[in-house]
Amino acid sequence: MIVGLSPGDGPVRIMTEATALFDEEELRTLLQRQSFGHPLYFFKTIASTNDYARELAARDSPEGTLVISEEQTAGRGRMGNSWISPPGTGIWISLILRPPLPPSQGPLITPMTAVAVAGAIRKVTGLSAGIKWPNDIIINNRKAAGILIESSAGERSIKHLIVGIGINVNTEVFPEEIRESATSLSICSGKKISRMEILISVIRQLERLYSIVIPGGKPRIILERYRSWSVTLGKMITADRAGGKITARALDITPNGGLLVQDQTGITEELISGEIQNLIFPSGK
Ligand code: BTN
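Residues numbered from 1 in each chain as written. Predicted model: local features only at pLDDT ≥ 70, side-chain atom pairs only at ≥ 80, totals over all residues. Heavy atoms only, no water.

Trainee: How do you make sense of helix α6 (residues 219-229) when you look at a structure like this?
Mentor: In an α-helix, one turn spans 3.6 residues; hence positions three or four apart end up facing the same way. Buried residues of α6: Ile 222, Leu 223, Tyr 226 and Trp 229, and no others. End-on, the buried residues of α6 take up no more than an arc of 130°, which puts them together on one face. The exposed residues of α6 that point more than 90 degrees off its buried face are Arg 220 and Ser 228. Turning to α6, the residues buried within the fold contact α3 (109-125), β6 (130-132), α5 (195-213) and β11 (244-253). (Buried < 20%, exposed > 50% of the residue type's maximum accessible area, 1.4 Å probe, protein only. Helix = DSSP H or I, 4+ residues; strand = E, 2+ residues; numbered from the N terminus. Arc of directions from axis to C-beta. Contact = heavy atoms within 4.5 Å.)

Trainee: Looking at this structure, how should I read the sheet that holds β6?
Mentor: Backbone-to-backbone hydrogen bonds join strands into a sheet, with any given pair of strands oriented parallel or antiparallel. Overall, mixed pairing links the seven strands, which are arranged β3-β4-β5-β9-β8-β7-β6 in an open sheet. Two strands bound the open sheet, and with one partner strand each, they are β3 (40-46) and β6. Geometrically, the sheet is characterised by an average inter-axis angle of 20° between neighbouring strands, direction not taken into account. Sheet topology note: the β3/strand β4 (residues 66-72) ladder contains six bridges and is parallel. Its bridge partner lying in β4, Tyr 41 is registered against Val 67. Sheet strands in contact with helix α2 (residues 49-58) are β3, β4, β5 (90-97), β8 (142-153) and β9 (158-168), and its direction is about 20° off that of β5. (Pairing = 2+ DSSP bridges. Axes fitted to C-alpha atoms, helices over the stretch in contact; angles between N-to-C directions.)

Trainee: Any chance you could explain the packing of aromatic side chains here in plain terms?
Mentor: Aromatic rings in a pair are described by how distant their centres are and how their planes are angled relative to each other. The tally for this structure, following the rule as stated, stands at three aromatic pairs. Measuring from ring centre to ring centre gives 5.8 Å for Phe 36 and Tyr 210, while their planes differ by 55°; the resulting arrangement is tilted. A residue pair is termed long-range when its members are at least 10 positions apart, and Phe 36 in the loop between α1 (24-31) and β3 and Tyr 210 in helix α5 qualify at 174 residues. The residues Phe 36 and Tyr 210 share a single accessibility class, namely buried. Between Phe 43 and Tyr 52, the ring centres sit 4.8 Å apart and the planes meet at 70°, which makes this aromatic pair edge-to-face. (Phe/Tyr/Trp six-rings, centres within 6.5 Å; stacked < 30°, edge-to-face > 60°.)

Trainee: I keep staring at the site of the ligand and nothing clicks. Help me out?
Mentor: Within the structure, the ligand sits among 20 residues, and Ser 48, Gln 72, Arg 76, Arg 78 and Lys 143 are positioned closest to it. Thr 49 is positioned with one of its side-chain polar atoms (N or O) 3.0 Å from a nitrogen atom of the ligand. Within the backbone of Asn 50, an N or O atom sits 3.5 Å from a nitrogen atom of the ligand. When isolated, the ligand has an accessible area of 420 Å², and the protein chains bury 98% of it. For the shell around the ligand, the secondary structure elements donating two or more residues are α2, β5, β8 and β9. If you tally residues by element for the shell around the ligand, the top one is β8, at four residues. When its residues are assigned to classes, the shell around the ligand shows six nonpolar, ten polar and four charged. (Near = heavy atom within 4 Å. Polar contact = N/O pair within 3.5 Å; in protein donor to acceptor, adjacent residues only side chain to side chain. Areas by Shrake-Rupley, 256 points an atom, 1.4 Å probe, with all protein chains shown as cover. Nonpolar A, V, L, I, M, F, W, Y, C, P; charged D, E, K, R; others polar.)

Trainee: I tried to follow the confidence of the model for the protein chain on my own but got confused; where do I start?
Mentor: The predicted coordinates should not be examined in detail at positions where pLDDT is low. Looking at the protein chain, pLDDT values average 91 and 90% of them are 70 or higher. Per-residue pLDDT stays below 50 along residues 1-8; that stretch engages in 20 contacts with residues further than four places along the chain or on separate chains. Below pLDDT 50 for its whole length, residues 281-285 participates in twelve contacts with residues either more than four positions away or in separate chains. (pLDDT = per-residue confidence, 0-100.)

Trainee: What should I look at first to understand the packing of α5 against α6 in this one?
Mentor: The description of two helices packed together rests on the angle between their axes and the distance between the axes. Across the interface, α5 lies against α6 with an axial gap of 7 Å and an inter-helix angle of 125°. Of the possible angle classes, the one that applies to α5 and α6 is oblique. Taken together, the residues of α6 that come into contact with α5 (itself represented by Leu 209, Ile 212 and Val 213) are Pro 219, Ile 221 and Ile 222. Residue classes in the contact of α5 with α6 are distributed as six nonpolar, no polar and no charged. (Parallel < 35°, antiparallel > 145°, perpendicular 65-115°, else oblique.)

As structure tokens, then:
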């Protein structure tokens, strides 16, 4: 099957059927054309790709190192949550980045990754993937993908970032505790989706957007895209932040990827990180 992933990207020959396990050789061949994915660590099962990538980063593995596993037995989500990662149903990857940015600009990698993942899903499936601040990928009011970015930084520079991405591609049934809040690309589109196509598209989008985040680029373009796909802006949200719980309207995304909100008394503040509840989502996830 010949598949064009995006205008200008050129066609990519993807042989794997949508439901099959990844063909490691095919994956290595497809990644030859990309700058990310070298070296590639491919596992049938692992505790957490982020944990493995962190060990590699500590041993000086270069930017672009990619860890992928068919299954995670202890996948980790944000805020100490676990991330359900059964074999063969989703994409569970971690990418090592070493951006030449001051630590203050590190947070830009969060919107960059969210736009890359939402963009890849939109291109390959045509689904209207949205972004719930800071980086949940939402389709039909449910979470289809999550991003966990872990950093190691000195005072003046970022040592490395581990960009962990989990995408529910062909998941049909979720555990009870997330059944109301989670979804998958196959559930939303009504058909099986090729994990390989999504994976390669995510890598391409990440490379493209990364080149405009690192110095000399125009991150404004990423923030504009992020805003246009946001399912948070304009909505009432609640958040638990250092000063206590706040109910406010989400006004804007700040240049560093923070969320500008305004409470009922008219006071505005910027939320830098953490978890918000979009009041439109039934389970708050
Ligand atoms: C979230 O809570 O939304 C973030 C989920 C991130 C899951 C991915 S799957 C690959 C990588 N390895 C992990 O242990 N977590 C991330």
